[in-house]
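Inside the fold
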Amino acid sequence: NEYKSYLRMSVYFDQRVLTPEQSTHTLMTWHPRYPFLAVATKNQHMNANTGTVSIFHREGQPLEEGAIELECQATAMRWHPTKKLLAMGWENGYIVIWIDKQTDSIAIPDGHKSPVSVVSWSSNGSRLMTGDERGVLVAWRCDGKGNLHQLQNYQKRSGFTHCVFMPSEESSAKNITFLARAAVEGNEAAMDMIDPSKPAKMPGGEILACYVASEDGMVYSIDEKLVIKECVNTATLIKEMFIHDEKKVLVIILHNLTMVSYSYEYDYNLTEIAKVRLAGKSSVSSAIWITNGLIATAASEEIVRVWDVNQDANFCLYGATEVVNCLSYSKNLMTLAAGLMSGKVIMWNHKSGLYDCDSWAYLTSVDLRDSFVQIEWCSDFPYLAANNISDVLVLNKQPITHFYDAVTAVVQVGPYEIQLQQFSPPALMHLRTDMHVRGVTKADENIIMWNNSTVIVYEVDIKKNHSKLIGNFNAESSVMVAYMQTIFTAETNRICLRNFQGTIKQVLDMTEVEGSPLHMHIADRYLVVYTSNGFLKSYDTYRRETRQSNPPKNLKENFPDEECVIRSIKVNCNGTKVAILASKSASSPDPRLIVWYCETDVLLGYDFGKGKPLKPFGKNIDCKNRNLEDFITGSRPSYRKVVKAVSSTDIIDQGESEETANRYPIFASWDPSDPRVLVVQITDIPEDPNEKNKDLSKSLQEALGLIKAKEKKPTANPDNIVSLFVTQDNGVLLHDCFTLNPSFLKFIAVNVPWFFFIAKMDERKDPKAPPLQPDKNIRERVRSVSMKNFLGLENSTPEVRKAMLDFAYEMTIGNMDEAFLAIKVIKSETVWENMAKMCVKTRRLDVASLCLGHMGHARGARALRDASKEPELNARVGMLAIQLGMLEDAERLYISCQRYDLLNKMYQASNQWSKAIATAEIEDRINLRTTYFNFARHCELSGDYQSAINAYEKSETHRFEVPRMLQNDAPALEEYVIKSNDKKLMDWWAQYLESTGQMSPAIHFYKASKNDMALVKVLCFMGNIDEAMSVARDSKDKSACYHLGRQLEKNGMYKEALEFYGKATAYTNATRVCRDNGFDAELITYALYSTPTDMIQCAQYYENINNYFDKAVLLYHKAGMVSKALQLAFDRQEFSALQHITSNLDDKANPEVVNTCAQFFLQHHEYTKAIELFILGKKYLEALDICIEQHIRMTDSMVENMHPETNKDPEYKKLLYERIGECCMSQGNYHLATKNFTQAGNRIKAMKALLKSGDTEKIVFFAGVSRQKEIYIMAANHLQRLDWRQDPEIMNNIVTFYTKGKSLDSLAGFYDACAQVEIDEYQNYEKALGALSEALKCITKATMDRDLKEQREIEFQRKITYVKKFIAAKRTYEMDKEESMKRCASLLEAPSIEQAVRTGDIYGFMVEHYVNHKNYQKGFALLNELRAQLPGASLNYYVDQSYLDQITENLGVALATERQVPPDAGHGHEEIEEDLGRYLD
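These lines cover the structure that appears in this document, whether it is placed above or below. (Residues numbered from 1 in each chain as written. Predicted model: local features only at pLDDT ≥ 70, side-chain atom pairs only at ≥ 80, totals over all residues. Heavy atoms only, no water.)

**Re the packing of helix H45 (residues 1399-1412) against helix H47 (residues 1441-1451)**
Test applied: Axes here refer to lines fitted to C-alpha atoms; in helices the fit is confined to the stretch in contact. Angles between the N-to-C directions go from 0 to 180 degrees. Numbering of helices and strands runs from the N terminus, with a helix taken as a DSSP run of H or I at least four residues long and a strand as a DSSP run of E at least two residues long. Angles are sorted into four bins: roughly parallel if under 35 degrees, roughly antiparallel if over 145, roughly perpendicular if 65 to 115, and oblique for all others. Two helices cross in a left-handed way if the nearer one is turned anticlockwise from the farther one by less than a right angle. They cross in a right-handed way if the turn is clockwise. Contact criterion: two residues are considered in contact whenever any of their non-hydrogen atoms come within 4.5 Å of each other. In the scheme used here, Gly and all other residues not listed as nonpolar or charged are polar, with Ala, Val, Leu, Ile, Met, Phe, Trp, Tyr, Cys and Pro taken as nonpolar and Asp, Glu, Lys and Arg as charged.
Relative orientation of the contacting elements H45 and H47 amounts to 50°, with a least axis distance of 10 Å. Compared by their axis directions, H45 and H47 come out oblique. Read as a crossing pair, H45 and H47 show a hand that is left-handed. Between H45 and H47, the contacting residues are Val1407, Glu1408, Val1411 and Asn1412 on the first element and Tyr1443, Gln1446 and Ile1447 on the second. Partitioning the contact of H45 with H47 into residue classes produces four nonpolar, two polar and one charged.

**Observations concerning the packing of aromatic side chains**
Put simply, the rule reads: A pair of aromatic rings is counted whenever rings of Phe, Tyr or Trp (Trp by its six-membered ring) have centres within 6.5 Å, and the orientation is called stacked for planes under 30 degrees apart, edge-to-face for over 60 and tilted otherwise. Relative accessible area decides the class of each residue, using a 1.4 Å probe on protein chains only: under 20% of the type maximum gives buried, over 50% gives exposed, and in between gives partly exposed. Charge-over-ring placement is defined geometrically: NZ (Lys) or CZ (Arg) within 6 Å of the ring centre, and within 35 degrees of the ring normal.
Inspection of the entire model under this criterion finds 29 aromatic pairs. With a centroid separation of 5.4 Å and 70° between ring planes, the pair formed by tyrosine 1373 and phenylalanine 1405 is classed as edge-to-face. Residue tyrosine 1373 is found in the loop between helix H43 (1346-1371) and helix H44 (1377-1388), and its partner phenylalanine 1405 is found in helix H45; the two are separated by 32 residues along the sequence. The buried category is assigned to phenylalanine 1405, whose relative accessible area is 15%. Feature note: the residues Phe667, Phe738, Phe744, Phe747, Phe755 and Phe757 constitute an aromatic cluster, connected by ring pairs. Stacked on the ring of phenylalanine 667, the Lys or Arg lysine 746 has its end atom at 4.4 Å from the ring centre.

**Description of helix H40 (residues 1288-1300)**
Using the following cut-off: By definition here, a helix of n residues has an expected span of 1.5 Å times n minus one. Arc definition: directions from the helix axis to the C-beta atoms.
Its 13 residues place the ends of H40 18 Å apart at the C-alpha level, agreeing with the 18 Å of an ideal helix rising 1.5 Å per residue. Taken together, the buried positions of H40 are occupied by Ile1290, Asn1293, Ile1294, Phe1297 and Tyr1298. Seen from one end, H40 has its buried residues packed into an arc of 125°, which puts them on one side. Among the exposed residues of H40, those pointing more than 90 degrees away from its buried face are Pro1288 and Glu1289. Where H40 is buried, its residues contact helix H38 (1256-1266), helix H39 (1269-1280) and helix H41 (1304-1322). At the C-terminal side of H40, lysine 1302 shows a positive phi close to 55°.

**Points about the packing of helix H42 (residues 1325-1341) against H43**
The packing of two helices is summarised by the inter-axis angle and the distance between the axes. Their axes nearest at 10 Å, the elements H42 and H43 cross at an angle of 160°. By the angle class used here, H42 and H43 are roughly antiparallel. The two elements H42 and H43 meet at a crossing, and its hand is left-handed. Between H42, through Tyr1325, Glu1326, Leu1329, Leu1332, Ser1333, Ala1335, Leu1336, Ile1339 and Thr1340, and H43, the contact on the second element is made entirely by Lys1349, Arg1352, Glu1353, Phe1356, Gln1357, Lys1359, Ile1360, Val1363, Lys1364, Phe1366, Ile1367 and Arg1371. Looking at the contact of H42 with H43 residue by residue, the class counts come to eleven nonpolar, three polar and seven charged.

**Comments concerning the sheet that holds strand S11 (residues 127-132)**
To be explicit about the condition: Here, a strand pair is defined by DSSP locating no fewer than two bridges between the strands.
One open sheet accounts for four strands, arranged S10-S11-S12-S13; its pairing is antiparallel. On the outer flanks of this sheet lie strand S10 (116-121) and strand S13 (148-155), each paired with one strand and no other. For this sheet, the mean angle separating the axes of adjacent strands, direction not counted, is 20°. Bridge count between S10 and S11: five bridges; the pairing is antiparallel.

**Looking at the sheet that holds strand S16 (residues 218-222)**
Spatially, S14-S15-S16-S17 is the arrangement adopted by the four strands of the open sheet, whose pairing is antiparallel. Edge positions in the open sheet fall to strand S14 (160-165) and strand S17 (228-233), since each of these has one partner strand only. Pairwise comparison of adjacent strand axes, ignoring direction, gives a mean angle of 25° for this sheet. Two strands pair when backbone bridges link them, and S14 and strand S15 (residues 210-214) are joined in this way by five bridges, in the antiparallel orientation. Bridge pairing links histidine 162 to alanine 213 in S15.

**A word on the pairing of strand S46 (residues 526-531)**
Of all six residues in S46, six are buried, a share of seventy percent or more. Every second residue of S46 is oriented toward a common face, with Tyr526, Val528 and Tyr530 on one face and Leu527, Val529 and Thr531 on the other, all of them buried. With six bridges connecting them, strand S45 (residues 517-523) and S46 associate as antiparallel partners. Paired with proline 517 across the strands is threonine 531, a residue of S46. Adjacent in sequence and paired antiparallel, S45 and S46 are bridged by two residues, among which aspartate 524 carries a positive phi angle near 55°.

**Comments concerning unusual backbone geometry**
Trans peptide bonds make up most of the peptide bonds, and negative phi angles are found at most residues other than glycine. Of the consecutive residues serine 424 and proline 425, the connecting peptide bond is found in the cis state with omega at -5°. By the secondary structure assignment, proline 425 is in the loop between strand S35 (417-423) and strand S36 (426-432). A cis amide bond, omega 15°, links valine 752 with the succeeding residue proline 753. With respect to the helices and strands, proline 753 occurs in the loop between strand S59 (744-751) and strand S60 (754-759). If you check the backbone angles, tyrosine 268 has positive phi at about 70° while not being a glycine. Not every positive phi belongs to a glycine, and glutamine 898 is a case in point at roughly 60°. Take glutamine 898: it is sitting in the loop between helix H12 (887-896) and helix H13 (900-909). Judged by its relative accessible area of 59%, glutamine 898 is exposed.

**So, the pattern of salt bridges**
Test applied: The term salt bridge refers to a side-chain nitrogen of Lys or Arg lying within 4 Å of a carboxyl oxygen of Asp or Glu.
Under the criterion given, the structure shown has 39 salt bridges. Residue lysine 442 pairs with aspartate 405 through a salt bridge whose shortest N-O separation is 2.9 Å. In this pair, lysine 442 is assigned in strand S37 (residues 439-443) and aspartate 405 in the loop between strand S33 (402-404) and strand S34 (408-414), connecting sequence segments 37 residues apart. Residue lysine 1359 is joined to glutamate 1355 by a salt bridge in which the shortest nitrogen-to-oxygen separation is 3.6 Å. Of the two residues, lysine 1359 and glutamate 1355 are both situated in helix H43; the distance of four residues between them amounts to about one turn of the helix. According to the relative accessible area criterion, lysine 1359 is buried, its value standing at 4%.

**Thoughts on the pairing of strand S42 (residues 486-491)**
In terms of burial, S42 is largely enclosed, as six of its six residues are buried. Looking at chain direction, strand S41 (residues 480-483) and S42 are connected through four bridges and run antiparallel. Bridging from a neighbouring strand, alanine 482 pairs with isoleucine 487 of S42. Turn length for the S41-S42 hairpin, with the two strands adjacent in sequence and antiparallel, is two residues, and the turn residue methionine 484 shows positive phi of about 55°. Here S42 pairs with strand S43 (residues 494-498) via five bridges, running antiparallel. Within S43, the position partnered with phenylalanine 488 by the bridge is leucine 497.

**Comments concerning the side chain of arginine 676**
Put simply, the rule reads: Two N or O atoms count as a polar contact when they lie within 3.5 Å, although within protein this holds only if one can serve as hydrogen donor and the other as acceptor, and sequence-adjacent residues are included solely when both atoms are side-chain atoms.
Along the chain, arginine 676 falls in the loop between strand S55 (663-670) and strand S56 (677-684). Polar contacts involving the side chain of arginine 676 include one to the side chain of aspartate 806, which spans 3.0 Å. When sequence neighbours within four positions are dropped, the list of residues in contact with arginine 676 reads Trp670, Leu724, Phe725, Val726, Thr727, Leu805, Asp806 and Tyr809.

These figures come from the coordinates and say nothing about function on their own.
Right under this line is the structure:
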């Protein structure tokens, strides 16, 4: 990851590999995991040809016992994918295995007898395939000790050239996806493997299948069971074979510039899916697999072609000036290297996640001087091996080392060379050594360089370009710093202080707890050290002996849950603060910049991941004031006071900054004179690679198409430079942020008012492009850029610089008074402009307005005042940025507040039309047409008419603007009209041609534009009437038909003119032609659709012609002259016309006319029609008289229409409604009568009508809503006529209505009837007694004649007495039967007993008693008495038949049993009937 971060900030060291002399290098290969390089050589010495394979480490150092030599050459070799094991094939057919740390190699003579041409391992190294030039292929199994065991051998007709194994499955989820797809497609083997019920094991990890290719172009597949079969015959020599595992595709590149893609199934059969002819001058010299379907090829050209197998596309990489002959790609570095014939290596960097031409950036070039035939990257390390036959070189990639000390910048420009650049006065010097430079520093006028083991010291005079070696010594140290005459070297568990000759002057020991020093940095006299165990220590080198200035800080205690990896430490100029860059782990950068406040032992910082400052954190954040004198034995005059510890309440909350969010710091530098200023370079946080999906069920769903994922291409942002203020009082504050200039590689230092950057070298993507123009500073690798605040003040005095820096700080913390006080002494207009630009960052528009005033920027002040109406602060600040020329800031501000309309205007004003159009199309659709219109005007003024036409069309203004633009170029305008196929434009062009007399072309364009009116007009003008008539008939254009009708009438073709007048709905013209030419029959057709005036004229015309009076009547009526139409109909006795007229009359018709019509129909016995007209004329009484006299039944509609106006006399309304009701009553329409009686207010008559209808439900409802005494009584009387005995609801309504009607005497009678029913029907004297009691209560409360009331009361009391006695006699029967019989006998003798108790019931009770006691004679005697009193009654009605049968059997007499209604049944109802009849009348 460090190498990726500093990809453009590196140099390459070339190191020659120490191979045998007088040897030719034939092969080389890197181990895929370890930095081991195997080189095969052909040795030619002492007339003997031997071959050697040597193993080298990292930078070309040979390994002990890492050489294998045979008396023949090595022809193929391949490293084991995971172990330090190398398999080699030799000319004699031997297979030799070299294993690290084993003295002897393993030689296997069996298997091959000819030169071995193929050596290939499976993905995990458990299987090895070897092939030779005679067609023998051998499969080997490799055990854990590295021994080979032959599994199978094959013999084919030609030698083998390639073998590729299937890649290992990284997860079972990926494999199950493939299996699922195969199963869906019907592959039985895949079905068996995916079926959990089958014993077959699902594959995972290593796949032992492979494809092999032979010299004759044949491709074979070998499965896991070592079954070989032919798949494809290319008939051409194969250059390379690749497997695209994600797409399940085998890609084959042939020597004849052809690339063929085959899809393979789970049984490894191949199906051709694509065949592409590769571009190139000759055969393919090199082809490599990059990543994700990208293949790079070189074919004797000065370019590298990249082919995208997924998208079936290709693009080119430029930068090479000569023929490319070999390629290599590093997946770890994402770098493609191309070897040129001249010995140069060109490199391109690939942006992660992108797969097009824009994702590649030219990186650098390295000149190795000699042409080479092979280059290869080490997989996991930044080493590139290059083979030029005579030598093998290893290029080691290392970040550029640099140093800055406020006077001079020192930058490494090559492996052996550095550049010294002095800025004031400007001077430049190059210093070259014989040592690979690993690090460089400077102390006074001395340059110190080292390479981990050797240190050299030069005394330099940059002005005179002179250098002198003053020191050269050995020191095992990779980290060094220098101060004055002392070099600090970091060694094991100590720091040695040496002079320039290497003599140790002092040793700073590190305890075992602290560990060895890893990082050091010195500023002025203050040194900070970070140790391997996480301790941060600070020293003061001012005195003769270097002493520790603060207690050690254990950073690991402050990051207990994180694997903290410190990448860099930097101390400020007064030693009070240390900036720390860390990583969460070795591969994950920490987005935080951490600052250690040495004197208060507090950690603060800035979180670039979130874009906001950090709050104090760490172990000692709660510490109070600390006095350092207890720790420091010496004295520090400027820091002997007690220092205030910063707390979270002192931190100024600046909010989150979008510019700094989602980034992490890669370099930091303090200002060498101001301890507050810290500048950081930040870059994008690398995205974590997508985790493999381990959920098999989800992978299966993905394979079956149930889950679809969207791919998103990430975009890379340029690095930013961030300036910060770090103070004791306010913590870490963001001051400014700007984008790193693309021409710069890296930020290296800050020295107010300058930033210093390392510039890029000359680079060209297109070899045809001209070289860059020389610049006076083209040799200078370090460039200075002025701070925004100091533009125009770069050469000012230190006092002015301090004032501006204080102003910037006060502005940052929001202290405006102090800020203005700081720059009070400055009178430069540039200062005010810089202040205004700072206001864009701080969003202080009040300050900006003041600055614009001091600048004299009237236009900007006016624009800022106008922008004050905008509701968003960022929109107002954006306008300020525009006025100050800060378009990028304005763009960012407008986007942040989503004011895309203002952003669009800014793009247009700044001539950024592509951005303006894109913004309008996506975010500002309401102004899209306006944007296109403005762009069209811009293109028109620029002379780009075609772009203007396209923009005018998109703005939908082309119909006017394009003809205006092309008005002076008639041919171009005509061509545009024809191509546009726009009807309106064609119509306009036809009018233009017509105006110039070009009738034939005009007719053509009128037809194309579908302008039938204009076409007919031109045709008529040319005399082509027939064609004009054809066009008009086919057209629906009324104007065209009208114009043609006029022409036909003018030409005397009246019939045809009528046709087209009708089509044009020009009925006035049509009626005029009919009247003038005697077309009487056709006249009525057009007159009915004409205007009223025309209708009257036509009616008058018909009135003067016989046999057309009905049409005249119709037209008069249609024209609204109803009286005239009626008069004419009466005169001519036109009944049908009269019927038609009257049917259309409404309430707005003239009453006299309506009355006349009604009388006319009455005279002619059309009573129904007469009634309707009388009703229409509001003569309702006359209509009713006719209904009654002529027995015309009243209908609902007639009654509905007989509604008098609301302002009519109420008495009239009442009379009318009563007349209607009586009429309906007489006709038996009782419901309608009820309705009208109700409207008349006569509810009694309404109730009587309803009673006659017999609708019980409505009677009950009407009585309930009427709430009148008489109606309640009438309803109750009606309900008594119904079968209330079987319906309890009716009985309840009767009681309710009598009660509400206060007719208690009637209610008493009803209760009396109820009692009689209980006696007659059910012989239930108990219920009868209850009913009689209720009747007595009611009659007692009733209001009626006093004598009648007393009489009724006596009657009810007597009935109650008799009933009670009879009930008592029956109840005493069980206790005293004789007494019961005596009481019954006495009741029979009581006067008027029959009105209360039926004598038959008394006799029956007594007969049953005597029969039960076998006294049949007495029972028979009682029956005879019953017959005597009730001669017509049937005995079994009162006596049970069983008792009668017993008397008959015992006495031998015959008794009549025929049931008849007893003579007293219904007794007591006559009075109720009489009352009901009285109320009904």
